[in-house]
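Structural overview for review
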Amino acid sequence: MDRTPPHLHRRRVDLSSFAALAPLAVVLPFSLISLRLIWIPVSAALNLIGINLSFWVVPIAWTLGACCLFLRFAQTLVLSPALGARSLTSEEHDVAQPIWEQVSASAGIDPNRFVLRVIDADELNAFACGGHMVVTTSFSLRNLNQRELAGVFAHELSHHLGLHTISLTLIHWYSLPIIALARIGFALKNIARAATETFVAHSSALTALGTVSAGVLTGVSWVFLSVLYASDAMGNLVGHRSEFDADQRSVQLGYGNELVAALTRVITYGGGQRSIGWRQRLRASHPPARTRVARIEAALRHPSRM
């Protein structure tokens, strides 16, 4: 098969990568607030043992941690366990590695720059994350043929080449303090409610105070969780553009037909259906598979328009 010259496929920022920064802009302020609130009791405990640290050490250290996520060794040691991903078995390696090397060569990329990982799941799925990781499911490796798997790998490599994974990784990282604070808030709410029912049920004033405290903690927790829901919804909407961009780049790499075959398999298994209603559209991380197939086939028919 004729492949596009490798020098055309170095990493290049797509417009969808800039659009994907919008959810990050929503998350960042609340992540900073969450770190500040969590820091209050931590700082008090450190002061008791004579350690005085400025709060700004925390967000700086957190940002450095985010940078580490894009290092290959950090993805192997930290990101893989966090995702529940594992190394390929010898059988899986024999299936996936030659195909990955073929796809990487088509893009002029050293295949060893990236880490292949597997998640044990009975679903047809794959995704790119961090700066050097491509994850697929054990089901995909068992059930996709070589041609379909090549299409999947080309699509995920295209996400890396378009730098689509940067914003997604940062959003997940900066969401962690928000998730932690929300969980702490719900836990304190339960404690406040239990303490109210156990110790001050005889006092209407104290019972009212406990009820108000539990309500405030619940409200604050839901505010922070709502930020995450809003960020996810925005991320899904702008993420559709990055999926289309990765599809188009796969066509440029010479794997358009292979990707169509893989998406057709997704449709056969009942996935990639069109969302019905605005709620489903907000929750859908990918555009409908049939829409993607139609766009890819149009690009294959008219390559000069890409």
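Look up: the structure comes first, before these words.
Residues numbered from 1 in each chain as written. Predicted model: local features only at pLDDT ≥ 70, side-chain atom pairs only at ≥ 80, totals over all residues. Heavy atoms only, no water.

Inspection of the secondary structure assignment puts serine 138 in helix H6 (residues 138-143). Taking the relative accessible area as the measure of exposure, serine 138 reaches 6% and is therefore buried. Setting aside residues up to four positions removed in sequence, serine 138 forms contacts with Arg86, Glu92, Val118, Ile119, Asp120 and Ala121. (Helix = DSSP H or I, 4+ residues; strand = E, 2+ residues; numbered from the N terminus. Buried < 20%, exposed > 50% of the residue type's maximum accessible area, 1.4 Å probe, protein only. Contact = heavy atoms within 4.5 Å.)

Once that is clear, we can look at the pattern of salt bridges. This structure, assessed with the given rule, holds six salt bridges. Arginine 265 is the salt-bridge partner of glutamate 148, the closest N and O atoms lying 3.1 Å from each other. Of this pair, glutamate 148 sits in helix H7 (residues 146-161) while arginine 265 sits in helix H10 (residues 256-268), placing them 117 residues apart in sequence. For aspartate 247, the salt bridge goes to arginine 292, with nearest N and O atoms at 2.8 Å. One end of the pair, aspartate 247, is in helix H9 (residues 204-253); the other, arginine 292, is in helix H12 (residues 289-301), with 45 residues separating them in the sequence. (Salt bridge = Lys/Arg side-chain N within 4 Å of Asp/Glu carboxyl O.)

All right, on to the environment of arginine 241 then. With respect to the helices, strands and loops of the structure, arginine 241 is situated in helix H9. A sequence separation of 46 residues divides arginine 241 from proline 287, and the C-alpha atoms of the two residues are 8.6 Å apart.

Here the focus is the sheet that holds strand E3 (residues 133-137). Taken in spatial order, the three strands of this open sheet run E1-E3-E2, and their pairing is mixed. Strands with a single pairing partner mark the edges of an open sheet, and in this sheet they are strand E1 (115-119) and strand E2 (126-129). Across the sheet, the mean angle separating the axes of adjacent strands is 25 degrees when strand polarity is ignored. Relative to E3, E1 runs parallel, the two sharing five bridges. Paired with arginine 117 across the two strands is valine 135, which belongs to E3. (Pairing = 2+ DSSP bridges. Axes fitted to C-alpha atoms, helices over the stretch in contact; angles between N-to-C directions.)

We now examine a nonpolar patch on the surface. On the surface, a nonpolar cluster with roughly 510 Å² of combined accessible area is contributed by Leu48, Ile49, Ile51, Leu53 and Val57. For leucine 53, the position within the fold is in the loop between helix H2 (21-48) and helix H3 (57-68). Assessed through its relative accessible area of 42%, leucine 53 is described here as partly exposed. (Patch = residues over 30% accessible without salt bridge, like charges linked within 9 Å, V, L, I, M, F, W, Y side chains within 5 Å. Areas by Shrake-Rupley, 256 points an atom, 1.4 Å probe, with all protein chains shown as cover.)

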